[in-house]
Amino acid sequence: MNIFKYIFPKQCIICSKVGNSICNSCIKDIPYTLPSCFICNTLNNGYYTHKDCLEEKIECFTGWYISKELEINLKRQIDLGIYSTHTQLLEILISHLRLNEVVESSNIYPIKGEERDEDFLNMRLARSIDKSEGIKSNTLLVGNRIVNKNDLIEQVKGLYTEPFHLRILILFELTTPEPQ
């Protein structure tokens, strides 16, 4: 085993428990997002965009609503070049949403970020799940979050071709919805 794992063991980003980048009990406390259109953020079936919001029918799977404090902790890890928490959360999200077949049948690309660190993180996330070779019939954009919807729409329009499926998979929605 690597000596660095003994000297610097992985710790939960929330409770500091040694073992994983985020422990099972802490991940249960972070609320999953509800299926919604990534353009207007209103609820819908199957994570699809509304026809009024975007001509192309695109699925955008989102993982969790995160607090400002957790966002700051995750940003600190990105600044330090630590991506294990994000990679672990991506694997949990794929398993939770049962997207293994979607991942396997898709060409995977990172979402373009506004900052270099965000771009690099999105490339690392895309590479971490892109395990197979060859051209596939579907496209999956992967990223930490949607920073600029207009830039993402431009990236989507450059990749969208019928009859293939274009999907987006992001880890976080930064604002927690207000209780009604």
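All figures in this text were calculated on a predicted structure; none of them were measured in a lab.

> Describe unusual backbone geometry, naming the residues involved and giving the relevant values.
One non-glycine residue with positive phi stands out, namely Ser16, at about 70°. Residue placement: Ser16 occurs in the loop between α1 (3-7) and α2 (24-28). The phi torsion at Arg98 lies on the positive side, around 55°, for a residue other than glycine. Along the polypeptide, Arg98 turns up in the loop between α4 (84-96) and α5 (100-104). Taking the relative accessible area as the measure of exposure, Arg98 reaches 75% and is therefore exposed.

> Help me get a handle on α4, residues and values and all.
Helix length check: α4, at 13 residues, gives a terminal C-alpha distance of 18 Å against a target of 18 Å (1.5 Å per residue), a fit within 8%. Listing the buried residues of α4 in full gives Thr85, His86, Thr87, Gln88, Leu89, Leu90, Leu93 and Ile94. Positioned one or two residues after α4, Arg98 has a phi angle of 55°, which is positive.

> Requested: an account of the environment of Ile168, with residues and values cited.
Looking at the element boundaries, Ile168 is found in strand β4 (residues 166-173). A relative accessible area of 0% places Ile168 in the buried class. In sequence terms Ile168 and Leu43 are 125 residues apart; their C-alpha atoms lie 16 Å from each other.

> Give a detailed account of the nonpolar core, specifying residues and quantitative values.
Ranked by size, the top nonpolar core spans 33 residues in total, and within it Ile22, Trp64, Leu90, Ile129, Leu169 and Leu171 carry the most contacts. Every element with two or more residues in this core is listed here: α2, β1 (59-65), α3 (68-79), α4, α5, α6 (116-129), β3 (138-143) and β4. Those residues in contact with Trp64, other than ones at most four positions away along the chain, are Ile27, Ile30, Pro31, Tyr32, Thr33, Leu89, Ile92, Leu93, Leu171, Phe172 and Glu173. With 12 residues, the next largest nonpolar core counts Ile111, Leu141, Leu166 and Ile168 among its residues.

Conventions adopted
Residues numbered from 1 in each chain as written. Predicted model: local features only at pLDDT ≥ 70, side-chain atom pairs only at ≥ 80, totals over all residues. Heavy atoms only, no water. Helix = DSSP H or I, 4+ residues; strand = E, 2+ residues; numbered from the N terminus. Buried < 20%, exposed > 50% of the residue type's maximum accessible area, 1.4 Å probe, protein only. Expected span 1.5 Å × (residues − 1). Core = buried A, V, L, I, M, F, W, Y, C linked by side-chain atoms within 4.5 Å. Contact = heavy atoms within 4.5 Å.

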